[in-house]
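Below, each chain spelled out in residue letters.
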Amino acid sequence: MPTVNYVSFDGQSTQLELAEGMTIMQGAVMNGVEGIEGECSGSCACATCHCYVDDAWLAKLPEMSENEDEMLDDTASERKPNSRLSCQIKATAELDGIVIHMPEEQE
Ligand code: FES
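Quick look at the structure, then. Please read all numbers here as calculations on a predicted model, not as lab measurements. (Residues numbered from 1 in each chain as written. Predicted model: local features only at pLDDT ≥ 70, side-chain atom pairs only at ≥ 80, totals over all residues. Heavy atoms only, no water.)

## Here we look at the pairing of strand β3 (residues 50-53)
Alternating residues of β3 divide into His 50 and Tyr 52 and Cys 51 and Val 53, and every residue in both groups is buried. Where β3 lies against strand β4 (residues 83-85), three bridges are found, and the strand directions are antiparallel. Each residue of the ladder has a partner; that of His 50, found in β4, is Leu 85. Bridging between β3 and strand β5 (residues 98-101) involves two bridges; their strand directions are antiparallel. Bridge assignment links Val 53 to a residue of β5, and that residue is Ile 100. (Buried < 20%, exposed > 50% of the residue type's maximum accessible area, 1.4 Å probe, protein only. Helix = DSSP H or I, 4+ residues; strand = E, 2+ residues; numbered from the N terminus. Pairing = 2+ DSSP bridges.)

Structure, rendered in structure tokens:
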């Protein structure tokens, strides 16, 4: 099972093993990891699952859809070059060990 490292805004790290195919957002919400909310349950319609993907993993991510790109213009915390919606990233063997930084706020 792929491992995902969640790093909170204040630097606290939580490591989880997620079932292959589960999204980074689902992993956080189901395990009570604070900092990712997922209000729309992964429909790419709320941007409360905003995260900053560690630079080392950016090139391995699936390409961003137009919809995700538009939603990222409406995040509570600053959009950065490594901003993504965590509901659009699935845990896969290729992303094993990925590091996800949570923004300061989601709403
Ligand atoms: S959970 Fe709503 S956009 Fe990701």
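Read on, since the account is not over.
## Considering the nonpolar core
Burial of nonpolar side chains together is a common tendency in soluble globular proteins. Among the nonpolar cores identified, the biggest contains 29 residues, and Tyr 6, Ile 36, Val 53, Leu 85, Ile 98 and Ile 100 are the most heavily contacted of them. For this core, the elements supplying multiple residues, two or more each, are β1 (3-7), α1 (24-30), β3 and β5. Ignoring anything within four residues of it in the chain, the contact list for Leu 85 reads Cys 44, Ala 47, Cys 49, His 50, Glu 68, Met 71 and Leu 72. (Core = buried A, V, L, I, M, F, W, Y, C linked by side-chain atoms within 4.5 Å. Contact = heavy atoms within 4.5 Å.)

## Quick word on the sheet that holds β5
Taken in spatial order, the five strands line up as β2-β1-β5-β3-β4 in an open sheet, and their pairing is mixed. The sheet is open, and its two borders are formed by β2 (13-17) and β4, each paired with just one other strand. With strand direction ignored, the average angle separating the axes of adjacent strands in the sheet is 35 degrees. (Axes fitted to C-alpha atoms, helices over the stretch in contact; angles between N-to-C directions.)

## Points about the environment of Ala 45
Topologically, Ala 45 is positioned in the loop between α1 and β3. Each C-alpha atom of the pair Ala 45 and Glu 70 lies 9.7 Å from the other, and the pair is 25 residues apart in sequence. Every residue in contact with Ala 45, bar those within four places of it in the chain, is listed here: Cys 40 and Met 71.

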